[in-house]
Amino acid sequence: MNRKNRKRQLSRDNLRAVGFDFIEFLAERERRDITDRSILKNIYNEEFRNRDGVRDPNFSSVLFALKNCSKACITTSGHAYSNTNAEYRSELAALLGLEEPFRPKRLETYEPARCTIDEGVPPESFAQNFLKFVVPLDNYTRPSYISDLAKVLKGSRSIPKLQEQKSLLESDLGFHNYIERFDLLLYLEEDQMRLDIKGYNKDDVSMVKDHENKQLLVLEVSSIHSEDS
């Protein structure tokens, strides 16, 4: 077999031929009596497989092809004997021979035994869930210094005792100051909303009837922008 011109995907006969070449390779080096599989594999991979720049198939493929071959065509150097079949027997051939006849596993096609299924008792419907989901909320009283802190942040006042809170709000956000910082921000937001609502306080303002619906009274308040404006 011309190894350099052979196809990449080898047939079983080609794999078997590689195996016989390996057996001859061992005989030429007086190592045909080796029967240990791991030693044979090392010799095959390290000395035989890439011996002339052409990579032979892996050892397992060659071994499988030889295991499924009980006869081999014998040739001698310079002479070929056609139509001469002989059983190739050696310690290596015995090692690679079949241990027992191949018996394909049959798939069982029988039907499973009859059985009964107990449906059991279904769980209660989620629609009949009588649990009450109640999350109690604590009372959070706005600190008395929040209004002064807002003025300090705007720069209109300077209060030394609020310097710690001011530094906290101006520092980088991190795991160590997350809770305290957002507490202050929420209190400041609440205080600003309280001031904004007070801006709409009006004294002595008259209400007039709505032109489209006489049952309604209209109060004009400046600085209020609707969603449509």
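Analysis parameters
- Residues numbered from 1 in each chain as written.
- Predicted model: local features only at pLDDT ≥ 70, side-chain atom pairs only at ≥ 80, totals over all residues.
- Heavy atoms only, no water.
- Salt bridge = Lys/Arg side-chain N within 4 Å of Asp/Glu carboxyl O.
- Helix = DSSP H or I, 4+ residues; strand = E, 2+ residues; numbered from the N terminus.
- Buried < 20%, exposed > 50% of the residue type's maximum accessible area, 1.4 Å probe, protein only.
- Core = buried A, V, L, I, M, F, W, Y, C linked by side-chain atoms within 4.5 Å.
- Contact = heavy atoms within 4.5 Å.
- Patch = residues over 30% accessible without salt bridge, like charges linked within 9 Å, V, L, I, M, F, W, Y side chains within 5 Å.
- Areas by Shrake-Rupley, 256 points an atom, 1.4 Å probe, with all protein chains shown as cover.
- Axes fitted to C-alpha atoms, helices over the stretch in contact; angles between N-to-C directions.
- Parallel < 35°, antiparallel > 145°, perpendicular 65-115°, else oblique.
- Nonpolar A, V, L, I, M, F, W, Y, C, P; charged D, E, K, R; others polar.
- Polar contact = N/O pair within 3.5 Å; in protein donor to acceptor, adjacent residues only side chain to side chain.

## Observations regarding the pattern of salt bridges
Any two side chains of opposite charge can pair if their charged atoms end up close together.
Okay, step 1: Evaluated as defined, the whole model comprises seven salt bridges.
Okay, step 2: Ionic pairing is found between E47 and R31, a salt bridge with its closest N-O pair at 2.5 Å. With E47 in helix α2 (residues 37-48) and R31 in the loop between α1 (12-28) and α2, the pair connects residues that are 16 residues apart, well separated along the chain.
Okay, step 3: Given a relative accessible area of 35%, E47 falls into the partly exposed group.
Okay, step 4: The closest approach of N and O atoms between E170 and K166, which form a salt bridge, is 2.6 Å. Linking E170 with K166, this pair stays in helix α6 (residues 163-170), spanning four residues, or about one helical turn.
Okay, step 5: For E170, a relative accessible area of 52% puts it in the exposed group.
Okay, step 6: Taking relative accessible area as the criterion, K166 reaches 19% and is therefore assigned buried.
Okay, step 7: Through salt bridges with shared partners, one network takes in R142, D191 and R194.

## Focus: the nonpolar core
Okay, step 1: Among the nonpolar cores identified, the biggest contains 15 residues, and F22, I43, Y44, F48 and F59 are the most heavily contacted of them.
Okay, step 2: Those elements that place two or more of their residues in this core are α1, α2 and α3 (59-67).
Okay, step 3: If sequence neighbours within four positions are ignored, Y44 has contacts with V18, F22, R49, D56, P57, N58, F59 and V62.
Okay, step 4: If you look at the next biggest cluster of nonpolar residues, it comprises eleven residues, including I146, L149, A150 and I159.

## Digging into the environment of R142
Okay, step 1: When you line up the elements, R142 lands in the loop between α4 (91-96) and α5 (146-154).
Okay, step 2: Since its relative accessible area comes to 27%, R142 is described here as partly exposed.
Okay, step 3: Apart from residues lying up to four places away in sequence, R142 is in contact with S147, Y187, E190, D191 and R194.

## Structural notes on a nonpolar patch on the surface
Okay, step 1: Together, L173, Y178, I179, F182 and L185 line one region of the surface with nonpolar side chains, adding up to about 480 Å² of accessible area.
Okay, step 2: Within the element layout of this structure, L173 appears in the loop between α6 and α7 (178-198).

## Structural notes on the packing of α6 against α7
Okay, step 1: Axis separation between α6 and α7 bottoms out at 9 Å; the angle between their running directions is 105°. Classified by the interaxial angle, the pair formed by α6 and α7 is roughly perpendicular. Contact residues: Q165, L168 and L169 in α6; E180, R181, L184, L185 and L188 in α7.
Okay, step 2: Looking at the contact of α6 with α7 residue by residue, the class counts come to five nonpolar, one polar and two charged.

## Let's talk about the side chain of D191
Okay, step 1: Within the element layout of this structure, D191 appears in helix α7.
Okay, step 2: Engagement of the side chain of D191 in a polar contact is seen with the side chain of R142, the distance being 3.0 Å.
Okay, step 3: In this structure D191 touches R142, I146 and S147, once residues within four positions along its chain are discounted.

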